[in-house]
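Now for the letters of each chain:
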Number of protein chains: 2
Amino acid sequence: MQCDLLRGVPNRKVIIDDHFWNNYIGVVDTVVLPFMWELINDRVEGAEKSWCIHNLKVAAGDIRGEHRGAVFQDTDAAKWLEAVAFSLQKKADPRLEALADETIDLIGRAQCEDGYLDTYFIITGTERWSNLMEGHELYTAGHMIEAAVAYYEATGKRKFLDIVSRFADCIDRAFGPEEGKIRGYAGHPEIELALVKLYRATGEERYLKLARFFLNERGAQPNIFDTQDNRKCGKYIFPEFRDFDLDYMQADKPLAEQTEAEGHAVRAGYLYSGMADVAAETGDERMFAQCEILWKDMTERKMYITGSIGSAAYGERMTGAYDLPNDTNYSESCASISLAMFGNRMFRATRDGKYMDIVEKALYNTVLAGIALDGKHYFYVNPLAVDPETAEHNPTMSHVKTTRQQWFGVACCPPNIARTLASMSQYMYAQSEDCLYVNLYIQNEAKICLGDTRFRLRLEADYPNTGKIRAVIAGLKAENEEFALAFRIPGSPAAHISYCLNGQKKEGTTEKGFLILRRSWKNRDTVELELDNSFHFVYANPRVGADTGKTALMRGPWVYCLEEADNGKHLAAVFADTSSEISEVQVEGLPAGARGARFEGCRLKIEENAPLYFDKHPETEKVTLTAVPYCLWNNRGKGEMEVWMNEA
Amino acid sequence: MQCDLLRGVPNRKVIIDDHFWNNYIGVVDTVVLPFMWELINDRVEGAEKSWCIHNLKVAAGDIRGEHRGAVFQDTDAAKWLEAVAFSLQKKADPRLEALADETIDLIGRAQCEDGYLDTYFIITGTERWSNLMEGHELYTAGHMIEAAVAYYEATGKRKFLDIVSRFADCIDRAFGPEEGKIRGYAGHPEIELALVKLYRATGEERYLKLARFFLNERGAQPNIFDTQDNRKCGKYIFPEFRDFDLDYMQADKPLAEQTEAEGHAVRAGYLYSGMADVAAETGDERMFAQCEILWKDMTERKMYITGSIGSAAYGERMTGAYDLPNDTNYSESCASISLAMFGNRMFRATRDGKYMDIVEKALYNTVLAGIALDGKHYFYVNPLAVDPETAEHNPTMSHVKTTRQQWFGVACCPPNIARTLASMSQYMYAQSEDCLYVNLYIQNEAKICLGDTRFRLRLEADYPNTGKIRAVIAGLKAENEEFALAFRIPGSPAAHISYCLNGQKKEGTTEKGFLILRRSWKNRDTVELELDNSFHFVYANPRVGADTGKTALMRGPWVYCLEEADNGKHLAAVFADTSSEISEVQVEGLPAGARGARFEGCRLKIEENAPLYFDKHPETEKVTLTAVPYCLWNNRGKGEMEVWMNEA
């Protein structure tokens, strides 16, 4: 945290036009947001009911009824509104905006006079803040705040922002170190990072102070989760919480003493994001150093190659170091989003490309795997090996779905993916006063404003299908304007690199993973880069017991996988020949901008009536294998999938 | 089922004196039985309470109190009594017999006037037979009956046999196809095989008929487990039963239609054992054919190489075919006992050695792994790979204990192992009117009675440490008596084989896995065999995804494993060189009669600060590996263990 905090480029300024990402981003406005609107209104046949709008209407007094669904169901509306806001930032849509305004009005009517807002507690009459471990009120508040800030930035309308500010004020009156206030915090973090957003949007320092209080109070003894009545009386909203230790909620000790990333993966990612925010805003070097320790533990000992975290389904949690089973893991889509959020914050505070290397992996692999190409089906859980035959008959894998599902009763992932896709610009760019950081190579055109300098950047890319990146400057008013363009060179903290400036070959050196070109720029100035996009086999650290003797195929950030559609059944019996040539191939049924990889290998012969165990090595036969990007698996029907292949 | 049923050799007639098995059998009388007596009386500090004797005393009116512990807790006493009975069959022990008599008196006082006997239902006043799915009354009855038959055979005392006969009569009055009787059966099978034992001991055909009724009624529609009130009212003794399907209890369809071995592994093994018994006793060819189908499915598609079954912890159950994960499985000790019971019955009905090949695997590997050499610590769950570091931090493996435990609240395994060890003769020998089947090569001296012919068989063996087997006849009254000795030749259904008779080399042919020597025998006649005891690497069927690219080491029935004690940490990073010589070695800390195996291999270098994923193949180094019999793992402290090794 040696530098000023980088800011994002406003979402409205970045128009994505990428061969591959269009498959996903294109459906957000046209399919995902209208579909989710129907879903949260419980109008999609065959999908699990959300009850979200229902609950808001009951709390508002519009209809009579009971609270239905999970305790945090209000967040379905919040995340939908946030995704709508990001969409409206880029393209006006009066019908969508009208639906959003209608929902915001409804939320306003549901809010209590003193600002409190949570339909579960309002409708059921359960005492506010009485069950911080499970109540999710502060989590829900956080999502409402995030949505309101985005909606304010999208439309300039203050109504939603005022609603959540009143709610934040209500929280601020209830919590704090002062006499008579609750010295507590959220079982599920999220409020912390949201309060920093609200502070940035409103300038109200109380919100930053409250976020900091929540972080500093976390893990204090005696532990609030133990001392609140609900636990003492054994009254649980989620009976499974009975068995969860405090480390599940990252609350077993003060954050300053937590050196291992542990517990529920999404909670961890949101918490650490809030820590990074507060540390950066308050200049708290110690807290930031803690973030670096947790990041390192999370990404260097507990992360899948697909940028996912959460090795165990029970508790949706991280486990021990290097414990990365490929078929029983959880690897929740939301956890990868939280990892991207955390990494992006670490990058903005340090300008170090190593964080974006991981963010890119999470986004290109697990986050995209979470959503089907049709925009209507989702994976919550993202294992790296699935055999439907096994997963559907072994209760150890009851959490693993063998096809994407339409909606979930606990529907955190679908709207979380939608809001992420609708705001990809936050990951693609960052900026200081005089430098634009180009982090991701997704083709787009961006309107940039560095201090007084305004220009357009046209980024041409088909990465990682090709390594060619072309950036063209346009729209500069003056002839020569000095500023810097920083291009992330993946996985290259300090390396010599060639590039072309206006057709002329130049040499440069990366600093913390970036090639930084500081000069006087003119219109039509063109930078061309050639990034490494070779197919290559990778290996896991030998401490990862699940992957010894195995290899995976990568190209750029993409992890590839074998699918039954291309390679038949029994993928575990396949051995990849890592010495073979790997060629790019078109694979039928893959969307635009996605290529397959073909290479040689062998497989153990499957013989009918063979015994279960035998003395001779099973016979093998040569095979040609086809791998496709992991994020695309299961878009061509149900079947086996495998990332880590036996090595021949 | 083409032949007359073989009988066992009475347990009292077989005196085991084996280098290796003495380690276990020797502690049953001296350690296990006295220790278990203390345990079921809740007098062992630090061990989970059994409450078993407590409950019997409450039901008897000896003390006041509530029923404590699980619904089937009475079986702790039953299995202890059965093990005591087997022990007394071999060696008088007045003190132990007095304790047993005292316990039987107590059981008698706890019994209701009409013969009903189950402390949970008696003490709590819960309506008898009202929850057949979970109530375990018939399961408990089964264990009481087995114990009583064994005690009668040991002591000739009828009291316990009369108690269980009255209980069986009570059950017979309650259940049956007749008007007014319950058309139901046990959620947990066991009563079926027990009733056949009671029929054999008493000659009362009603018991056989009742066993047959239970089997034929099983899976009838509408299903009794669905129609009984407890399920309709949602009142569960075990809340987790709410989620279990009827196939968990092998009750989803009639047994005649069940072609896949499925559900809870122990229930399956006991049920199929009962089917084999009833089929053999009643000459029901169709039912026996069904047993063969289920045996084949269980042992050729769902069995671990260690002779264990149950791939999933949730439901302690079998899963899909070839789904044999090595670290998350259940592989309960009791399930291997039930497999041995089932296989032994199939053998006795068919005289086919292939069944005993599997029985031997189960006994030599998983059943023995269930008990520590000290006789006081037990494994319930027997995975084939354990990394304590991982298992203790990943809730997916919360069922896996990384050291043997002293006692369990649900303590089926410890007394089940004890009764098995105390009655090993049932597996070692079987006999027809004129043929003695020698199944297992555990050194012993047996007094045999074939029709009118009596002799002693001295079996000398140190198998599988050596392949040399020597059988010497003694004690024949006449000079030449014709009968047959059948020696099982493991894994050799039909093979030419050499042997020595009185020092002279002879050639023979196996029939269904046995070398049958029919002749006129004289005293001092000596048969010498040389069984294959070579160390050899084995492979799993390529459909077993968990084992592709891996190999295991075997010698005779023994599966070997790598332990951290001999090979250091990170066993998953080890690769066995299957082309290397394998030599026998003495390993420090192993008990008498156990040898290690040494062979070459390599391991991936573990480097500090290595990244989690990298592009180059990890470096390897050559290592010499030491494997020990799987059954002995974890007798030298906590550490990693692995059966299936990567193949170099």
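Source: prediction; values computed, not measured.

(A) A look at the overall build of chain A. Looking only at helices and strands, chain A features 19 helices and 24 strands. Judged by the C-alpha coordinates and their principal axes, chain A covers about 75 × 70 × 50 Å. By residue count, 63% of the 648 residues in chain A fall in the buried class. Counting only contacts in chain A whose residues sit at least 6 apart along the sequence, the fraction spanning at least 24 positions is 70%. Element-wise, carbon and sulfur atoms account for 45% of the exposed surface of chain A, whose accessible area totals about 22,900 Å².

(B) View of the sheet that holds strand 1 (residues 14–16) of chain B. All names here are of chain B. On the basis of which strands lie adjacent, the open sheet formed by 11 strands has the order 1-7-8-9-14-11-12-13-10-6-5 and mixed pairing. Of all strands in the sheet, those with a lone pairing partner are strand 1 and strand 5 (429–431), marking the two edges. Across the sheet, the mean angle from the axis of one strand to that of its neighbour is 25 degrees, orientation sign disregarded. The sheet contact formed by strand 8 (residues 453–461) and strand 9 (residues 468–474) spans 6 bridges and is antiparallel. From the neighbouring strand, Glu 460 faces strand 9, where its bridge partner is Arg 470.

(C) The pairing of strand 12 (residues 504–511) of chain A, seen in detail. All names here are of chain A. Sheet analysis places strand 11 (residues 496–501) next to strand 12, joined by 6 bridges and oriented antiparallel. What sits directly across from Leu 501, in strand 12, is Gln 504. Hairpin connection between strand 11 and strand 12: a loop of 2 residues separates the two successive antiparallel strands, and Asn 502 in this loop has a positive phi of roughly 50 degrees. Where strand 12 and strand 13 (residues 514–521) come together, 2 bridges link them in antiparallel fashion. Residue pairing across strands places Glu 511 opposite Phe 514, the latter belonging to strand 13. Hairpin remark: strand 12 followed by strand 13, antiparallel, with 2 residues in the connecting loop; positive phi at Lys 512, about 45 degrees.

(D) Molecular detail of the relation of the copies chain A and chain B. Once chain A is rotated about the relating axis by 180 degrees and shifted along it by 0.0 Å, it coincides with chain B to within an RMSD of 0.0 Å. When the rotation and shift are considered jointly, the pair of chain copies conforms to a two-fold rotation axis. A shared interface surface links the copies, since 100% of the contact residues of chain A are contact residues in chain B too.

(E) Here's a closer look at the domain arrangement of chain A. All names here are of chain A. Assigned domains within chain A: domain 1 (22–385 + 395–423), domain 2 (430–530) and domain 3 (535–647). Distance from the C-alpha centre of domain 1 to the C-alpha centre of domain 3: 35 Å. Across the boundary between the two partners, domain 1 contributes 25 residues, which contact 24 residues of domain 3. In total, about 2,100 Å² of surface goes out of reach between domain 1 and domain 3, with carbon and sulfur atoms giving 61% of it.

(F) Just the packing of aromatic side chains, in detail. In the structure shown here, the tally under the stated rule is 62 aromatic pairs over all chains. Residues Tyr 613 of chain A and Trp 644 of chain B carry aromatic rings whose centres are separated by 6.0 Å and whose planes lie at 25 degrees to one another, so their mutual orientation is stacked. Here Trp 644 of chain B lies in the loop between strand 23 (641–642) and strand 24 (645–647) and Tyr 613 of chain A lies in strand 21 (residues 613–614), a pairing that spans two chains. Note on accessibility: Tyr 613 of chain A and Trp 644 of chain B belong to one class, buried. With a centroid separation of 5.0 Å and 90 degrees between ring planes, the pair formed by Tyr 437 of chain B and Phe 514 of chain B is classed as edge-to-face. Of this pair, Tyr 437 of chain B sits in strand 6 (residues 435–438) while Phe 514 of chain B sits in strand 13 (residues 514–521), and the two are 77 residues apart along the sequence. Residue classification places Tyr 437 of chain B among the buried residues on the basis of a relative accessible area of 5%. An aromatic cluster is present here, built from Phe 20, Trp 21, Tyr 24, Tyr 364, Phe 535, Trp 558 and Tyr 560 of chain A joined pairwise through their rings. The side chain of Arg 68 of chain A reaches across the aromatic face of Trp 51 of chain A, ending 4.0 Å from its centre.

About the criteria used
- Residues numbered from 1 in each chain as written.
- Chains lettered and ligands numbered in written order.
- Predicted model: local features only at pLDDT ≥ 70, side-chain atom pairs only at ≥ 80, totals over all residues.
- Heavy atoms only, no water.
- Helix = DSSP H or I, 4+ residues; strand = E, 2+ residues; numbered from the N terminus.
- Buried < 20%, exposed > 50% of the residue type's maximum accessible area, 1.4 Å probe, protein only.
- Contact = heavy atoms within 4.5 Å.
- Areas by Shrake-Rupley, 256 points an atom, 1.4 Å probe, with all protein chains shown as cover.
- Pairing = 2+ DSSP bridges.
- Axes fitted to C-alpha atoms, helices over the stretch in contact; angles between N-to-C directions.
- Least-squares fit on C-alpha atoms with pLDDT ≥ 70 in both.
- Domains from an automatic or database assignment.
- Buried area = accessible area lost by both parts, 1.4 Å probe.
- Phe/Tyr/Trp six-rings, centres within 6.5 Å; stacked < 30°, edge-to-face > 60°.
- Lys NZ or Arg CZ within 6 Å of the ring centre and 35° of its normal.

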